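Tertiary structure, described
Listed below, chain by chain, are the residues.
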Amino acid sequence: MSDPRQQKAFPVSWDQFHRDARALAWRLAGAGPFEGIVCITRGGLVPAAIVARELGTRLIETVCIASYHDYQTQGDMQVLKPIAERVLAIAGEGGQGLLVIDDLVDSGKTARLVRDMVPKAHFATVYAKPLGRPVIDTFITEVSQDTWIYFPWDMGLSFQPPIRDGVA
Ligand SMILES: O=P(O)(O)OC[C@H]1O[C@H](OP(=O)(O)OP(=O)(O)O)[C@H](O)[C@@H]1O
Ligand SMILES: [Mg+2]
């Protein structure tokens, strides 16, 4: 996200996120079966829990990656924990049979890094932006590249000025 002046906001409530993650599970139900889920923390933990419940998946692994160290600005990719060898051994060659889940794909850098680890896994996110979309196999909603998605776990209730007051 390079130009903050062009940004649009896409706030997501818990209810909407649950519906969208469940819609993702419906779509994934036809793409499996999967040996296990690898969620990209931290954002992937929430949709992974919802999808795992719907698909009856009990084997859940994490790959821990951070890159947005400052708000809305991507920095160096840090792999804090790779996918465990034990889980890779259960999957087929190249991670075949694994389902990798994240909350969203933006530039696609995070998903590409994980693709390098498990090129044959199935990649799914709830939301996708155009730059990252080609890296993902299944997603639910696309938003434009200049949109920032606000997740419910990052928000709280606050006063909203009337629309009239914001009109120039
Ligand atoms: O497609 P990209 O441009 O790489 O961005 C997408 C990634 O950025 C966010 O994670 P973040 O690094 O902020 O860490 P978090 O999940 O712990 O919040 C989001 O959860 C994705 O994992
Ligand atoms: Mg993340």
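Predicted, not measured: the structure shown is a model, and the values here were computed from it. Note that residues are indexed from 1 along each chain, following the sequence as it is written. Ligands are numbered from 1 and chains lettered from A, in the order in which they are written. The predicted origin of the model limits local features to residues at a pLDDT of at least 70 and limits the giving and counting of side-chain atom pairs to 80 or more, whereas totals for whole chains, interfaces and linings rest on all residues. Only heavy atoms go into the side-chain values, all of them from the structure, while hydrogens and water stay out.

1. Considering the packing of aromatic side chains
Two rings from Phe, Tyr or Trp (for Trp, the six-membered ring) form a pair when their centres are within 6.5 Å of each other. A pair whose planes differ by under 30 degrees is stacked, one over 60 is edge-to-face, and the rest are tilted. The tally for this structure, following the rule as stated, stands at eight aromatic pairs. An angle of 55 degrees between the planes, with centres 6.3 Å apart, marks the rings of phenylalanine 17 and tyrosine 127 as tilted. On the criterion of sequence distance, the pair formed by phenylalanine 17 in helix H1 (residues 14-29) and tyrosine 127 in strand S6 (residues 122-128) is long-range, its members being 110 residues apart. For the pair tyrosine 127 and phenylalanine 151, a centre-to-centre distance of 6.1 Å together with 40 degrees between the ring planes defines the contact as tilted. One end of the pair, tyrosine 127, is in strand S6; the other, phenylalanine 151, is in the loop between strand S8 (147-150) and helix H5 (163-166), and 24 residues separate them in sequence. Across the pair, exposure class does not vary: tyrosine 127 and phenylalanine 151 are buried alike. Of the aromatic side chains, those joined through ring pairs into one cluster are Phe10, Trp14, Phe17, Tyr127, Phe151 and Trp153. Secondary structure elements follow DSSP: runs of H or I no shorter than four residues count as helices, runs of E no shorter than two count as strands, and numbering proceeds from the N terminus. Relative accessibility decides the category of a residue: with a 1.4 Å probe and only protein chains considered, values under 20% of the type maximum give buried, values over 50% give exposed, and everything between is partly exposed.

2. Brief notes about the UniProt feature "binding site: Mg(2+)" (unreviewed entry) in the chain
UniProt positions are given in the numbering used here, feature names are shortened, and annotations may be inferred rather than shown by experiment. Here the UniProt-annotated "binding site: Mg(2+)" (unreviewed entry) positions come out as Asp103. Owing to a relative accessible area of 9%, aspartate 103 belongs among the buried residues under this scheme. Discounting chain neighbours no more than four positions away, the residues touching aspartate 103 are Gly43, Gly44, Pro47, Thr125, Val126, Tyr127, Phe151 and Trp153. Residues count as neighbours in contact if any of their non-hydrogen atoms are within 4.5 Å of one another.

3. Structural notes on the UniProt feature "domain: Phosphoribosyltransferase" (unreviewed entry) in the chain
With numbering aligned to this structure, UniProt lists the feature "domain: Phosphoribosyltransferase" (unreviewed entry) at residues 14-159. Taken end to end, residues 14-159 is 29% helix and 28% strand, and its first and last C-alpha atoms sit 18 Å apart.

4. Regarding the pairing of strand S2 (residues 36-41)
Among the six residues of S2, six are classified as buried, and the element is accordingly described as predominantly covered. Every second residue of S2 is oriented toward a common face, with Gly36, Val38 and Ile40 on one face and Ile37, Cys39 and Thr41 on the other, all of them buried. By the bridge criterion, four bridges tie S2 to strand S5 (residues 98-105) in an arrangement that is parallel. Counterpart to cysteine 39 in the pairing with S5 is isoleucine 101. Any two strands with at least two DSSP-identified bridges between them are counted as paired.

5. Digging into helix H2 (residues 45-55)
Along an α-helix, residues three or four positions apart point the same way, because every turn accommodates 3.6 residues. All buried positions along H2 are accounted for by Pro47, Ala48, Ile50, Val51 and Ala52. Tucked into the core, H2 has its buried residues touching H1, S2, strand S3 (60-66), S5 and S6.

6. Some points on the site of ligand 1
The criterion for a residue being near a molecule or strand is simple. One of its heavy atoms has to lie within 4 Å of it. As a matter of local geometry, ligand 1 sits amid 16 residues, with Arg42, Asp102, Asp103, Ser107 and Thr110 nearest to it. One of the backbone N or O atoms of aspartate 106 is found 2.8 Å from an oxygen atom in ligand 1. Throughout this description, a polar contact denotes any pair of N or O atoms lying within 3.5 Å of each other; where both atoms belong to protein, one of them has to be capable of donating a hydrogen while the other can accept it, and for residues adjacent in sequence the pair is counted only when both atoms sit in side chains. Within the backbone of glycine 108, an N or O atom sits 2.9 Å from an oxygen atom of ligand 1. Within the complex, the protein chains bury 88% of what would otherwise be the 500 Å² of accessible surface of ligand 1. For the shell around ligand 1, the elements supplying multiple residues, two or more each, are S5 and helix H4 (109-117). Broken down by element, the residue count for the shell around ligand 1 peaks at four residues, all from S5. Charged residues are taken to be Asp, Glu, Lys and Arg, nonpolar residues to be Ala, Val, Leu, Ile, Met, Phe, Trp, Tyr, Cys and Pro, and polar residues to be all remaining types, Gly included. Split by residue class, the shell around ligand 1 holds four nonpolar, seven polar and five charged. Each accessible area value is a Shrake-Rupley result obtained with a 1.4 Å probe; residue values ignore everything except the protein chains displayed when judging cover.

7. Looking at the pattern of salt bridges
We define a salt bridge as a side-chain nitrogen of Lys or Arg found within 4 Å of a carboxyl oxygen belonging to Asp or Glu. Enumeration according to the criterion identifies ten salt bridges in this entry. Two residues, aspartate 15 and arginine 19, come together in a salt bridge whose shortest N-O distance is 3.2 Å. Here arginine 19 and aspartate 15 lie together in helix H1, a separation of four residues that amounts to about one turn. Arginine 19 gets classed as exposed once you look at its relative accessible area, which sits at 58%. A salt bridge links arginine 53 to glutamate 54; the shortest N-O distance between them is 3.1 Å.

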